[in-house]
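Structural description and commentary
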Amino acid sequence: MSAHTKAKRMTAPKIRALKGERPVVCLTAYTTPIAQILDPHMDLILVGDSVGMVLHGMKNTLGVTMEMMIMHGASVVRGSKHACVIVDMPFASYQESPELAYRNAARLMQETGCAGIKLEGGVEMAETIRFLTERGIPVMGHIGLTPQSFNSLGGYSARGRKQEQWAPIIADGIAVDGAGAFSTVVEGVAQPLAEEITGKVGTVTIGIGASPACDGQILVTEDLLGLYESVPPFAKQYAHIRTDVEEAAKCYAAEVHARTFPGPEHCYKMSDGEK
Ligand code: KIV
């Protein structure tokens, strides 16, 4: 291999092989420029259906469509060359049957170039996960707090905060693992439960609001950047971009009003030397 040969992209099997080796680093992205910035630092980039709320102002993720996931998924694949790109299956694109899930997952992979898909659910989704993985589609599971089920869960609260509530969530983790998922997002659970699930499964657990006990971590990038209007309690802001954007917009407006922007350096000169 020459010194100039580019390292190959991360793949689902490479991510799975990281269990017990080192933490797996993941963030969400929805667009090419953000993917370009994140890519060298990430093992996995998730094109989450959170795009509906974060970029499109939706109240929840239920209105996100296949077309939206394909458009954003393709943008992120174009903006990355190192990270394993996984695209979320939107609500109602997979729950009905393994066959429907296969058709939509295959479409996501064909039309975006992504390396696999993510879907929400545990025991009840195991048959579907097996159907996909046995047919060449890498699957990332998602258990614990599953936002597409907020209507039946009764909201977005953390799950399994009492030990008597653990059993079905652990069963979900084991079912998703047994069905062949290479990785599982574990969302909104207390540390002892995350520890229990992570210790019981061979799949790589990726925590969001689920403590450092998981094999890796993911956040919504806009939460980490301070770009979204509210920040969930489990997210850490590493930047305050919303304030920076507001400040830039205010300065621009003031300079346009004062006619100090554009300055001479921003103006085209006549090519014949006249002013
Ligand atoms: O939709 C999303 O962004 C997600 C992550 C928060 C895990 O599912």
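Just above, that's the structure.
One structure accompanies this document, and this report is about it. (Residues numbered from 1 in each chain as written. Predicted model: local features only at pLDDT ≥ 70, side-chain atom pairs only at ≥ 80, totals over all residues. Heavy atoms only, no water.)

The subject of this paragraph is the overall build of the protein. Helices and strands together make up the secondary structure of the protein, namely 11 helices and eight strands. Expressed as lengths along the three principal axes of its C-alpha atoms, the size of the protein is roughly 75 × 45 × 35 Å. Sequence-distant contacts, at least 24 apart, represent 58% of the contacts inside the protein between residues at least 6 apart. Here the protein has roughly 14,400 Å² of accessible surface; of this, 57% comes from carbon and sulfur atoms. (Helix = DSSP H or I, 4+ residues; strand = E, 2+ residues; numbered from the N terminus. Contact = heavy atoms within 4.5 Å. Areas by Shrake-Rupley, 256 points an atom, 1.4 Å probe, with all protein chains shown as cover.)

One can describe the packing of helix H5 (residues 98–112) onto helix H6 (residues 126–133) by two numbers: an axis separation of 9 Å at closest approach and a directional angle of 45°. By the criterion of interaxial angle, the relationship of H5 to H6 is oblique. The interaxial crossing formed by H5 with H6 has right-handed handedness. From H5, Pro 98, Glu 99, Ala 101, Tyr 102 and Ala 105 reach across to H6, where they touch Glu 127, Thr 128, Phe 131 and Leu 132. (Axes fitted to C-alpha atoms, helices over the stretch in contact; angles between N-to-C directions. Parallel < 35°, antiparallel > 145°, perpendicular 65-115°, else oblique. Left-handed = near helix turned anticlockwise from the far one by under 90°.)

Contact geometry of helix H8 (residues 166–178) with helix H9 (residues 191–200) gives a least axis separation of 9 Å together with a crossing angle of 35°. At the point where H8 passes H9, the crossing takes the right-handed sense. Residues Trp 166, Ile 169, Ile 170, Gly 173 and Ile 174 of H8 lie in contact with H9, whose contacting residues are Pro 192, Leu 193, Glu 196, Ile 197 and Lys 200. In terms of residue class, the contact of H8 with H9 is made up of seven nonpolar, one polar and two charged. (Nonpolar A, V, L, I, M, F, W, Y, C, P; charged D, E, K, R; others polar.)

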